[in-house]
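# Structure assessment
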Amino acid sequence: MAEKKTTKKAAAPKAEEKKATVKKAAAPKKAAVVVNAENAGFKAGDVYQALAAASKALTVKEIAKAAKISEEETLLGLGWLFKEGKLAAADEKITLA
C-alpha cells in the first residue's frame, strides 16, 4: 500500500505577528560653516561681543549661546581672536585678554 505524503501548509501570519515597517525621518542636515577670511572675521566679532557683554570667562558652549551662533562658528571666531592675542584661556573657559 502506498503511503500518502502529508504536507503542512504554512499558516498565514497573524495580524499581531506582522511587524509594521517604520520609516525613519531623515536627519536634518547641518549647515556647513563657510571658512574664509570674511566669515571668520564676522564670527570673531560675534565672539568678542559676547565675551565683552558677559565680562567673565565662558565656555565654548556658553559663548555660542550668547552670540547666537553654532559651536563650529564659535571655534572659528575663537581661532581668529587667539591668533590676534585677544583671548586668554584657563580651566576650559575663555575670557578677553
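Residues numbered from 1 in each chain as written. Predicted model: local features only at pLDDT ≥ 70, side-chain atom pairs only at ≥ 80, totals over all residues. Heavy atoms only, no water.

On to the overall build of the chain, then. A tally of helices and strands in the chain yields three helices and two strands. Starting at the N terminus, the α and β elements of the chain follow one another as α-α-α-β-β. With 97 residues in all, the chain has 21% of them scored as buried. A fraction of 53% describes how many contacts in the chain between residues 6 or more apart in sequence connect residues 24 or more apart. By element, 56% of the accessible surface of the chain is carried by carbon and sulfur atoms, the whole surface being about 8400 Å². (Helix = DSSP H or I, 4+ residues; strand = E, 2+ residues; numbered from the N terminus. Buried < 20%, exposed > 50% of the residue type's maximum accessible area, 1.4 Å probe, protein only. Contact = heavy atoms within 4.5 Å. Areas by Shrake-Rupley, 256 points an atom, 1.4 Å probe, with all protein chains shown as cover.)

Attention shifts here to the packing of helix α2 (residues 60–67) against helix α3 (residues 71–83). Any two packed helices are characterised by how steeply their axes cross, that is the angle between the axes, and by the distance between the axes. Where α2 meets α3, the closest approach of the two axes is 9 Å, and the angle between their N-to-C directions is 100°. Compared by their axis directions, α2 and α3 come out roughly perpendicular. Contacts between α2 and α3 involve Val60, Lys61, Ile63 and Ala64 on the former and, on the latter, Glu71, Thr74, Leu75 and Leu78. For the contact of α2 with α3, the class distribution of residues is five nonpolar, one polar and two charged. (Axes fitted to C-alpha atoms, helices over the stretch in contact; angles between N-to-C directions. Parallel < 35°, antiparallel > 145°, perpendicular 65-115°, else oblique. Nonpolar A, V, L, I, M, F, W, Y, C, P; charged D, E, K, R; others polar.)

A word on the pairing of strand β1 (residues 87–90). Two strands pair when backbone bridges link them, and β1 and strand β2 (residues 93–96) are joined in this way by four bridges, in the antiparallel orientation. The residue bridging Ala89 from the neighbouring strand is Ile94, located in β2. In textbook terms, the turn of a hairpin is the stretch between consecutive antiparallel strands, and for β1 and β2 this stretch comprises two residues, one of which, Asp91, has a positive phi near 50°. (Pairing = 2+ DSSP bridges.)

Here we take up the side chain of Thr74. Structurally, Thr74 can be placed in helix α3. For Thr74, a relative accessible area of 0% puts it in the buried group. In contact with Thr74, not counting residues within four places along its chain, are Val47, Val60, Ile63, Ala64 and Ile69.

Here α3 is 13 residues long and its end C-alpha atoms lie 18 Å apart, about the 18 Å a rise of 1.5 Å per residue gives. For α3, the elements touching its buried residues are α1 (37–54), α2, β1 and β2. One or two steps after α3, the chain reaches Gly85, where phi turns positive at roughly 80°. (Expected span 1.5 Å × (residues − 1).)

Let us look at the pattern of salt bridges. Tallied over the full model, the rule gives one salt bridge. A salt bridge links Lys43 to Glu73; the nearest nitrogen and oxygen atoms lie 3.7 Å apart. Linking Lys43 in helix α1 with Glu73 in helix α3, this pair joins segments that are 30 residues apart in sequence. Accessibility classification places Lys43 together with Glu73 in one group, the buried group. (Salt bridge = Lys/Arg side-chain N within 4 Å of Asp/Glu carboxyl O.)

Shape descriptors only; they carry no functional weight alone.
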